[in-house]
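# Descriptive structure summary
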Amino acid sequence: MFQMRDRKMADEIMAKLKSMNLDIKIMHVCGTHQDSLVKHGLIDMLAEVGIDVRQGPGCPVCVTTPEEIEETLALARAGKTIAIFGDMLKVPSESGSLLKTKGEGADVRIVYGINEAVELAEKLDNEVIFIGVGFETTAPATAAILQSQPPENFSVLCCHRTIPEALRILISSGPVKVQGLLEPGHVSVITGSNMYEFLSKDYGIPQAIAGFEPLDVLMGIFMLATQIKNGEARVDNAYTRVVSPEGNTKAQNAMATVFDACDVKWRGFPVLPGTGLKLKPEYAKYDARLKFAEILAPVYEKEYEEPPGCKCGDVLRGEMDPQECPLFAKACTPSSPIGPCMVSFEGGCAIEYKYRRKD
Amino acid sequence: MCLAVPGKIIEIDGNKATVEYGEGVTNKANITLVEVEIGSYVLVHAGFAIKTLEEKDALETIEIWKQVLDAADGGRPSEDAADGGPPDA
Ligand code: SF4
């Protein structure tokens, strides 16, 4: 949506950032921000003016745990129809991947959204299980569908996670010390900008919400840099054309009606209290974990390790750049990925491979 | 997964709407999470409209940003003021 003036305004922002003589570290939690930063070369330009932009756990596929992948595999192997986002398909786990299981005859369908999974359940007699992955952008759709009384043969394996509380843990006890947070534009459409205010108040951390065009990202970072430089801490919004202070209250209400917060592990992190979503008891009949408890029981008897040698955890904590992983572009490529960060379009390793691989 | 796409509602049938994304590309989207009518612009994510968009908000963005940049150091180079006119959006 921005065209002719982009370059001029981008140059102006970069010149101003340069004149600020910065030496700061900031973090974003959004795979799409990482894509924009790397694709347009912003990440290197920003490094030159003293802004180290780290990626955090912002790729929903990447932060799903090996155990959640194993749950999905167990359900597929038990003959259930699995409806899943395409970039979950290749995520490898100890006992295989969904793609491999599909090759062995399991009924695995790629859907673009939960609405397609319900349509599938309406057509099929088989049990259809939607793998509910994603943050606040995706969770309201799951909530709205469950409120609309989908068919009895439909259920959800709920792997949704929420961002603001995870951010609190990240900045209060996370391994990488950052001076500012760039908040994800489309998660914020749902949560609203007010939702982040407690972080600035309680932890003195500057924040800015940004969209995904290169200029959106630069403007958000400029707002952050200005706050850091001036010793301020508040929530700036560089995406006012889409993000309001209160967010989408209809979506928030749908989530509050259907989900309870729960404790959940994120890949690369320990259990993060209150950052997961589980179905409320009223929706138990759609909860795949309850409906298929017997099939899933053996999954929980084991502890699952990260793939050997994979550094996705370090990448997701912002401690390591993908190219520092010894397996990057060697043993691990998008066609034979070892960890989820090389699978998902929003994964740091896949983004790095696509735009910045040094042959 | 968190990227949403803007489009225009051209037909509504209960909870579902047909959304046009330009160049004749259309798709169905669930509209239970928004208040819309035919002609509304929406942001669509994974088959759900998650936000109603206003065209003026997009136009205002550049103006707001200019003010932010101005405020940062108390002035812009004068050549910018000269080329005036509405911003591209
Ligand atoms: S390059 Fe591959 S093995 Fe290394 S961290 Fe990324 S996904 Fe894991």
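Residues numbered from 1 in each chain as written. Chains lettered and ligands numbered in written order. Predicted model: local features only at pLDDT ≥ 70, side-chain atom pairs only at ≥ 80, totals over all residues. Heavy atoms only, no water.

This next bit is on the sheet that holds strand 5 (residues 128-134) of chain A. All names here are of chain A. In spatial order, the strands read 4-3-5-6; together these 4 strands make up an open sheet with parallel pairing. Edge positions in the sheet fall to strand 4 (108-110) and strand 6 (154-160), since each has one partner strand and no second. Averaged over all pairs of adjacent strands, the angle between strand axes in this sheet comes to 25°, irrespective of strand direction. As paired elements, strand 3 (residues 81-84) and strand 4 share 3 bridges and run parallel to each other. Bridging across to strand 4, I84 finds its partner in I110. Sheet strands in contact with helix 8 (residues 139-147) are strand 5 and strand 6, and its direction is about 155° off that of strand 6. (Pairing = 2+ DSSP bridges. Helix = DSSP H or I, 4+ residues; strand = E, 2+ residues; numbered from the N terminus. Axes fitted to C-alpha atoms, helices over the stretch in contact; angles between N-to-C directions. Contact = heavy atoms within 4.5 Å.)

What follows is about helix 8 of chain A. All names here are of chain A. Counting buried residues in helix 8 gives 8 out of 9 residues, a clear majority hidden from the surface. For helix 8, the set of buried residues is A139, P140, A141, T142, A143, A144, I145 and L146. Phi turns positive, to about 50°, at Q149, one or two residues after helix 8. (Buried < 20%, exposed > 50% of the residue type's maximum accessible area, 1.4 Å probe, protein only.)

Every residue near the ligand is listed here: A:C310, A:K311, A:C312, A:C325, A:L327, A:F328, A:C332, A:I338, A:G339, A:M342 and A:C349. Here the shell around the ligand is built from residues that sort into 9 nonpolar, 1 polar and 1 charged. (Near = heavy atom within 4 Å. Nonpolar A, V, L, I, M, F, W, Y, C, P; charged D, E, K, R; others polar.)

Attention shifts here to the side chain of A:T64. All names here are of chain A. Relative to the assigned elements, T64 resides in the loop between helix 4 (60-63) and helix 5 (66-77). Looking at T64, its side chain comes within polar contact range of the main-chain oxygen of V61, at 2.6 Å. Apart from residues no more than four positions distant in its own chain, T64 is found in contact with I69, M88, V133, R161 and R267. (Polar contact = N/O pair within 3.5 Å; in protein donor to acceptor, adjacent residues only side chain to side chain.)

Time to look at the packing of helix 7 (residues 114-123) of chain A against helix 8 of chain A. Residues and elements named next belong to chain A. Two elements in contact, helix 7 and helix 8, have axes separated by 9 Å at closest approach and are oriented at 30°. Between helix 7 and helix 8, the residues in contact are I114, N115 and V118 and A141, T142 and I145, respectively. Among the residues forming the contact of helix 7 with helix 8, the class breakdown is 4 nonpolar, 2 polar and no charged.

The next subject is the pairing of strand 10 (residues 259-265) of chain A. Residues and elements named next belong to chain A. Across 6 bridges, the pairing between strand 10 and strand 11 (residues 271-279) is antiparallel. Across the sheet, D260 pairs through a bridge with K278, a residue of strand 11. Joining the antiparallel neighbours strand 10 and strand 11 is a turn of 5 residues, in which G268 adopts a positive phi near 85°.

Residues and elements named next belong to chain A. Tallied over the full model, the rule gives 4 aromatic pairs over all chains. Relative to F130, the ring of F85 has its centre 5.7 Å away and its plane inclined at 80°; by these criteria the two rings are edge-to-face. Taken together, the residues F85 in the loop between strand 3 and helix 6 (98-103) and F130 in strand 5 connect sequence positions 45 residues apart. Each member of the pair, F85 together with F130, is buried. Ring centres of F328 and Y353 lie 6.2 Å apart, and the angle between their planes is 65°; this geometry places the pair in the edge-to-face category. Within this pair, whereas F328 is found in the loop between helix 16 (312-316) and helix 17 (348-356), its partner Y353 is found in helix 17, the two being separated by 25 residues in sequence. For F328, a relative accessible area of 7% corresponds to the buried category. Over the ring of W266 we find R161, and its NZ or CZ is 5.8 Å from the ring centre. (Phe/Tyr/Trp six-rings, centres within 6.5 Å; stacked < 30°, edge-to-face > 60°. Lys NZ or Arg CZ within 6 Å of the ring centre and 35° of its normal.)

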